[in-house]
Every structure is written in structure tokens, then in C-alpha cells.
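Working through the structure, step by step
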Amino acid sequence: MKRRIPLGISDFKSLIIDGYYFVDKSLFVKEILEDGAQVLLFARPRRFGKTLNMSMLKYFFDINGDNKSLFEGLKIYEHKDIMERQGKYPVIYLTFKDEKYSRWESTLKGLEILVSKLYEGFSYLLDSSELSEHNKEEIRKIIKREVDDVELSKSLLSLSEFLYRHHKSKVVILIDEYDVPIQNGYLNGFYDGIIEFMRNFLSGGLKDNPYLEKAVITGILRISKESIFSGLNNLKVNTMLNDQYSEYFGFTEKEVEKILDYYSLESKMDDIRGWYNGYLFGKDVIYNPWSVLYYTSNHNEGLRPYWINTSTNDIVKMLLTKGGQEVKKDLEDLIKGEKIYKRIDENIILPDVDKSSESVWSFLLYSGYLKICQKYLKDGKIYCYLEIPNLEVKYLYKEVILSWITDNISINKFELMLNSLINKDIETFEDILGEYVLKSASYFDIEGESERFFHALVLGMLISMEGDYHIKSNRESGLGRYDIMMIPKDKSKPGIVIEFKKVNTRKKETLEMAAKNALEQIKNKNYSSELIELGISDILELAIVFEGKKVMVAVE
């Protein structure tokens with residue numbers, strides 16, 4: 001009988017005891033112990049195995065419980081010197097993955113409950129002869145949730161001291177998904193409050209803590225050291241840009257092949273590669289483990305965006321929506337399968353993430369929505385060629401783009417507008433485009449913002465017409481740069497060149513005059529030459545002219 005696939009199971013002990021399929025990452029323990037850093041931060045995308053790895057570390061180190069048998073038969077078991085340290089340390093394990101609230105007051109209450117339950121798990125300390133009555137009263141207060149914000153922020157340091165005194169052994173601290181409440185604070189307007197709390201809480205437990213043996217922290221982002229890990233000189237940060245530990249989060253190619261072979265799905269490898277592969281963590285090509293396992297379990301349902309649909313992706317949608325002309329243009333290139341070249345910001349400060357395109361793309365990279373193709377070090381800074389990693393993630397970008405369109409017009413009407421254009425029904429095209437512009441009026445309230453509408457329209461075309469047309473924008477052809485060119489994959493269909501113009505009211509220009517000038521520009525600069533060279537004889541040259549909320553479409 002085949003082992004069951006561990007869908008959503010992140011408790012190491014349950015996975016081993018109940019006989020689930022396990023991809024052996026146990027040598028992660030060995031590397032952690034041999035690493036000279038006292039505190040390690042691992043930044044990886046969500047659902048790439050961080051919590052399972054942290055659970056494995058907990059059962060390895062934990063002095064409370066006989067867990068040695070869990071590691072029998074695993075790679076780590078062959079290293080006797082490492083196994084001698086199994087079960088030798090009191091472990092503080094804390095996960096922030098469920099601390100998602102829309103108000104600071106609720107977040108603080110949630111953190112209070114979280115720490116209370118943590119302390120409750122060590123209630124045996126209340127009977128310890130090594131602790132004073134004052135220490136025990138402090139434990140009782142936290143369990144009863146009778147502490148203020150300052151006492152709560154010192155609770156991690158206090159607990160490590162209490163455990164050290166009782167066990168006469170230094171403590172291992174494991175903190176999973178530390179940045180979940182921080183991201184919610186950013187989205188809901190209490191970023192400063194959560195940053196102050198987390199800075200004091202983490203620094204108290206990790207900085208100059210004489211009771212600390214080793215600490216491991218996981219999250220999606222490396223939040224700026226200045227904002228949360230201030231003064232933490234014993235911290236070593238490992239991101240997907242680093243070679244070390246690269247194979248311990250997500251599945252390698254060999255691991256995926258082994259999984260598919262075990263479940264007699266080896267013929268599906270190419271499909272898996274296209275949908276769930278594409279990540280480059282350090283030196284290793286990595287597959288999305290969540291999606292690989294879900295597909296393996298539900299392969300009869302076909303390839304689906306399993307990972308993308310496990311989250312609201314609110315920050316991603318917000319960043320792409322708020323992004324200016326440069327972000328929209330880069331997104332066009334990504335959707336077309338091209339690469340973009342960006343400097344990567346390793347120290348992200350969430351309130352500033354939407355203030356530069358570099359921060360936007362860095363955030364998307366660390367969150368798993370982009371992949372590195374090539375990496376360069378220049379003047380001490382990291383530069384990368386980035387692209388969309390796979391079909392699953394491309395699905396998300398398409399959903400975001402479609403949401404821009406459907407905010408103003410139904411997708412059916414948008415597709416009717418594009419079909420009218422292809423069929424040269426210019427009147428219908430103009431009517432629907434006019435309605436679209438009218439409902440997108442905010443784009444035209446600010447001088448120059450029509451470019452954002454232009455790029456949103458191009459992106460809509462890219463995803464709605466990719467089966468029949470290659471859509472190009474702002475490319476050279478003839479003697480200049482056209483705005484949009486639609487190149488049919490079937491040469492019997494019309495090729496289309498579009499030029500956008502805003503009416504120059506200062507020169508008393510009318511819609512008709514601007515349309516005439518746009519058509520003359522297409523003709524004089526010979527924009528259609530690229531289509532002609534491709535053997536396309538049916539060519540439509542189109543001018544789209546704006547004056548405030550008014551739209552006019554003209555053809556030669």
C-alpha cells in the first residue's frame with residue numbers, strides 16, 4: 001500500500017508516526033548545528049516547507065519527550081555525533097502564522113493569548129525548586145493574561161531564563177512566520193505598533209541572551225534590520241539568493257522525480273515542470289512543494305493553481321494596482337515571457353515597498369511570484385534578471401489584470417470590444433471603449449495618468465488575445481515607435497497598428513485634428529512595415545484620441 005500524501009500536514013511527528021510520504025530534509029538539522037551563527041533567519045515563500053522544518057527542529061532538540069525514534073532511518077541518523085545532541089535542549093517554539101487581525105487592539109490581544117498558551121505548556125516550572133516565588137508569580141500572570149505590553153514584550157527572554165534555571169541547559173528558540181502580523185499591520189494601518197512590539201519581543205529573546213543556545217526564525221521577508229532586528233549582531237540571514245541551505249525549502253528536481261515515480265506518475269514530469277517549477281534558490285532549481293503534492297494527490301483533476309489559491313494575495317494585488325507606468329510596462333514584458341533587469345533590495349521596509357519599482361519587484365521575488373534567471377554583484381549591490389517562474393504564478397498575474405478591467409467593465413463586454421476591433425466593427429469598438437474610459441475616469445483626473453490606462457489596456461489585450469495575437473507596445477518599427485501592434489498568429493487575420501493621442505487643448509486642437517495627426521504619424525513613420533515584412537497584407541491602422549473623458553476612434 002502506498003504511503004499517504006501529507007496534504008497540509010506540517011507536524012513532523014504526526015507525519016512520521018502516521019506513515020505519510022516524507023521528503024527527507026533531516027540534514028537541515030546538521031547544518032543548523034554546524035553553523036557558527038547563533039541566530040538564523042530563513043526567508044522563503046509561504047508553503048515551501050518552513051513550518052515542517054521548524055517542527056522537525058523542535059522534535060530533534062526538545063528535552064521534553066523521547067523523540068529519537070522519529071529520526072531512525074533518516075539521513076541525519078547516520079551522523080552519530082549530531083544525534084548525540086538530540087533531546088538535549090529545552091525548546092521554545094512559537095508560530096505567528098495565525099496572527100492575522102485587522103486592528104492593532106485585536107493583534108495585541110492575539111499575541112497575549114499566544115504567549116499565554118506558550119507559557120501554559122511549561123506549567124511544570126511552577127513546581128520547580130530552581131525558580132523563586134517571584135519567577136513563578138510572573139509565569140502565573142502571563143498564563144492568566146494579567147500583564148501589560150511591556151511585560152509581554154519581555155516574556156521571551158524571561159521564559160528562556162526560567163527554562164535554563166530549571167533544566168541547567170541553554171535554550172533553543174524557534175519562531176515560525178514572524179512576519180505574518182507585520183504584513184497585516186502594514187495592510188491595516190498599525191505597522192508602527194507591531195514593529196515596536198516585535199522589535200522588543202525578539203531583541204529581548206535573541207540579543208545578548210545568556211540563556212540562548214541557538215535560534216531559528218522563518219518568514220517570507222527579510223524585514224529591514226534597522227526596523228526590527230536592530231543591534232542583533234549575532235543574526236545570519238539566509239534568503240533564496242544564498243547557496244547555503246538552498247535545497248532544504250521546496251523540492252529539488254530529483255525529489256520530484258522520486259515522488260512521481262513512487263506514485264506511478266513519472267509521465268507527468270514535463271507537465272509538473274511547466275506548472276510548478278522555475279524557482280532558483282541559491283544554486284538549486286526548486287519546485288513548489290505545496291502544488292506538487294496537491295497535484296500528485298489530485299492528478300485526475302488536472303493541473304491547477306493550487307499554491308496561488310491558498311492565499312488572498314492582497315499585498316501583491318495592491319502593489320501591482322498602485323504601481324505606476326514603469327511597473328505596468330515591466331508587467332507587460334513579464335506577461336509576454338520576457339525578463340526584466342532589477343536591483344534587488346534585501347532589506348525591505350513594508351511602508352516603502354510601493355514607493356519604488358525596485359522594492360515592488362524585490363517583494364514579489366521574495367514572496368515567490370518571480371524567479372531569478374541571472375544574478376550579478378555590482379558596486380556591492382545585487383542585480384538580477386527576473387521572470388515569471390511558471391504557469392501557476394502567471395495565472396495570478398492574469399487574475400490581477402482581469403480585476404483591473406472588471407472594476408470598470410464586464411469581461412464579456414471587454415472581449416466584445418476586442419472582437420469588434422478584429423472584425424473591423426469600429427463603431428462598436430469605439431462605443432465600448434468610450435464606456436470603459438468613462439468608468440475609468442480616475443486615470444484622467446491627473447495630468448499624464450492616461451499612460452496607466454494605456455498600459456492596463458495593453459495588459460488586458462495580452463491576456464485576452466494571447467491565443468490569436470502577439471501584442472507589442474512601444475516598439476520600434478519603420479521610422480519610429482508605435483504604441484500598440486497586434487500581430488496575428490494566423491496571417492489571414494488582420495494586423496493592427498494603434499496610435500494613442502491626447503488632445504492638445506493649449507493649441508486649440510480638436511478630437512478630429514488629433515485623430516488626423518495620429519493617422520498621419522502612423523503613415524509617415526511607416527509603422528506598418530513590420531507587419532508587411534511578416535507577410536501580413538490585411539492591415540488596420542487606427543488612431544485612438546482622448547480629450548478628458550471623450551474618446552474618438554479613427555481609421556485610415
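For the structure, check the block above.
Residues numbered from 1 in each chain as written. Predicted model: local features only at pLDDT ≥ 70, side-chain atom pairs only at ≥ 80, totals over all residues. Heavy atoms only, no water.

**So, helix α16 (residues 357–366)**
What sets the pattern is the α-helix's 3.6 residues per turn: residues three or four places apart point alike. To be explicit about the condition: Think of it in three bands: with a 1.4 Å probe and only protein chains considered, a residue is buried below 20% of the maximum accessible area for its type, exposed above 50%, and partly exposed in between. Helix numbers and strand numbers start at the N terminus; a helix is a DSSP run of H or I with at least 4 residues, a strand a run of E with at least 2.
Counting buried positions along α16 yields 9 of 10 residues, so the element is predominantly enclosed. Among the residues of α16, S357, S359, V360, W361, S362, F363, L364, L365 and Y366 are the ones counted as buried. One or two steps after α16, the chain reaches G368, where phi turns positive at roughly 95 degrees.

**Quick look at the sheet that holds strand β7 (residues 279–281)**
Under the convention used in this document: By this definition, two strands are paired if DSSP reports at least two bridges between them.
Strand order across the open sheet formed by 3 strands is β6-β8-β7, with antiparallel pairing between neighbours. Lying at the two open borders of the sheet, with one neighbouring strand each, are β6 (251–252) and β7. Note: β6 against strand β8 (residues 284–287), 2 bridges, orientation antiparallel. Residue pairing for β8: F251 is matched across the bridge by Y287.

**A short note on the packing of aromatic side chains**
What counts, and what does not: Stacked, tilted and edge-to-face are the three classes assigned to paired rings of Phe, Tyr and Trp, where Trp is represented by its six-membered ring and a pair needs centres within 6.5 Å; plane angles under 30 degrees give stacked, over 60 edge-to-face, the rest tilted. Charge-over-ring placement is defined geometrically: NZ (Lys) or CZ (Arg) within 6 Å of the ring centre, and within 35 degrees of the ring normal.
In the structure shown here, the tally under the stated rule is 35 aromatic pairs. Plain terms: the ring middles of Y341 and Y383 are 5.8 Å apart, the flat faces sit at 15 degrees to each other, and that makes the pair stacked. With Y341 in strand β9 (residues 340–344) and Y383 in strand β11 (residues 381–387), this residue pair connects regions lying 42 residues apart in the sequence. Among the aromatic residues, ring-to-ring pairing joins F12, F22, Y59, F60, F61, F71 and Y89 into one connected group. The ring of Y59 has K58 lying over it, and the distance from NZ or CZ to the ring centre is 4.6 Å.

**A closer look at the nonpolar core**
Here is the rule we go by: We define a nonpolar core as any set of buried Ala, Val, Leu, Ile, Met, Phe, Trp, Tyr and Cys residues linked to one another through side-chain atoms lying within 4.5 Å. Contact criterion: two residues are considered in contact whenever any of their non-hydrogen atoms come within 4.5 Å of each other.
Residues W361 and M486 are the most contacted members of the largest nonpolar core, which totals 171 residues. At 8 residues, helix α10 (residues 191–206) tops the list of elements feeding residues into this core. In this structure M486 touches L421, I422, M461, M465, Y469, H470, I471, P494, G495, I496, I498 and L531, once residues within four positions along its chain are discounted. Core analysis: the next-biggest nonpolar cluster, separate from the first, contains 17 residues, Y482, A515, I522 and V545 among them.

**So, the side chain of S26**
Applicable threshold: Counting of polar contacts relies on pairs of N or O atoms within 3.5 Å, with two restrictions inside protein: one atom must be capable of donating a hydrogen and the other of accepting it, and residues adjacent in sequence are counted only when both atoms are side-chain atoms.
You can see S26 is positioned in the loop between α1 (12–17) and α2 (27–34). Using a relative accessible area of 0% as the deciding quantity, one classes S26 as buried. Within the local environment of S26, its side chain forms a polar contact with the backbone nitrogen of I76, the two atoms lying 3.1 Å apart. Setting aside chain neighbours within four positions, we find S26 in contact with M56, L74, K75 and I76.

**What to know about the state of the cysteines**
The condition is simple: The definition used for a disulfide is geometric: two cysteine sulfur atoms within 2.5 Å.
Inspection of the entire model under this criterion finds 0 disulfides. There is no disulfide at C373, and the cysteine sulfur nearest it, in C384, is 9.1 Å away. Judged by its relative accessible area of 0%, C384 falls in the buried class.

**Describing helix α21 (residues 511–524)**
Quick reminder of the rule: Helices are assigned an expected span. That span is 1.5 Å times one less than the residue count. Here the arc refers to the directions that run from the helix axis out to each C-beta atom.
Its 14 residues place the ends of α21 20 Å apart at the C-alpha level, agreeing with the 20 Å of an ideal helix rising 1.5 Å per residue. Every buried residue belonging to α21 is among L511, A514, A515, A518, L519, Q521 and I522, and all of these are buried. Summarising the axial view, the buried residues of α21 lie within an arc of 155 degrees, below the 170-degree limit, and thus occupy one face. Exposed residues on α21 whose side chains face more than 90 degrees from its buried face are E512, K516 and N524. In the core, the buried residues of α21 are packed alongside β14 (495–502), β15 (539–547) and β16 (550–555). One or two steps after α21, the chain reaches N526, where phi turns positive at roughly 55 degrees.

**A short note on the packing of helix α8 (residues 155–167) against α10**
For any two helices packed against each other, one specifies the crossing angle of their axes together with the interaxial distance. The cut-off we apply is this: Only the stretch in contact is used when fitting a helix axis, every axis being a line fitted to C-alpha atoms; angles between N-to-C directions are given from 0 to 180 degrees. Angles below 35 degrees are treated as roughly parallel, those above 145 as roughly antiparallel, those between 65 and 115 as roughly perpendicular, and all remaining angles as oblique. Each residue is assigned to one of three groups, with Ala, Val, Leu, Ile, Met, Phe, Trp, Tyr, Cys and Pro labelled nonpolar, Asp, Glu, Lys and Arg labelled charged, and all others, Gly among them, labelled polar.
Remark: α8 packs on α10, axes separated minimally by 7 Å, with the N-to-C direction vectors making an angle of 25 degrees. Put simply, α8 runs roughly parallel to α10. Counting all contacts with α8, which are made through S155, L156 and L157, the residues of α10 involved are F201, G204 and G205. Here the contact of α8 with α10 is composed, by residue class, of 3 nonpolar, 3 polar and no charged.

**Some thoughts on the environment of V91**
Mapped onto the secondary structure, V91 falls in strand β2 (residues 91–95). Residues contacting V91, with those up to four places away along its chain left out, are K58, F61, D62, F122, V172 and L174.

**Observations regarding the environment of V360**
For V360, the location among the structural elements is in helix α16. Between the C-alpha atoms of V360 and Y211, which are 149 residues apart in sequence, the distance is 39 Å. Not counting the four nearest positions on each side in its chain, V360 is found in contact with L319, V353 and D354.

**Concerning the side chain of T296**
Its location among the elements puts T296 in helix α13 (residues 289–297). A polar side-chain atom of T296 sits 2.7 Å from the main-chain carbonyl oxygen of V292. With residues near it in sequence (within four places) discarded, T296 still touches I5, I259, L260, Y263 and L265.

**Observations concerning the pattern of salt bridges**
What counts, and what does not: Every case where a carboxyl oxygen of Asp or Glu lies within 4 Å of a side-chain nitrogen of Lys or Arg is listed as a salt bridge.
Scanning all chains against the criterion turns up 29 salt bridges. A salt bridge links K25 to E255; the shortest N-O distance between them is 2.8 Å. Here E255 lies in helix α11 (residues 253–262) and K25 lies in the loop between α1 and α2, a separation of 230 residues in the sequence. Close ionic contact of D333 with K329 constitutes a salt bridge, the shortest N to O distance being 3.1 Å. Of the two residues, D333 and K329 both sit in helix α15 (residues 325–335), 4 residues apart, roughly one turn of that helix. Here D333 falls in the buried class, since its relative accessible area comes to 12%.

**A look at unusual backbone geometry**
Phi at S264 takes a positive value of approximately 55 degrees, unusual for a residue other than glycine. Assignment of secondary structure puts S264 in the loop between α11 and α12 (269–276). For N526, which is not glycine, the phi dihedral falls at a positive 55 degrees. Tracing the sequence through the fold places N526 in the loop between α21 and α22 (529–533). Residue N526 is classed as partly exposed on the basis of its relative accessible area of 38%.

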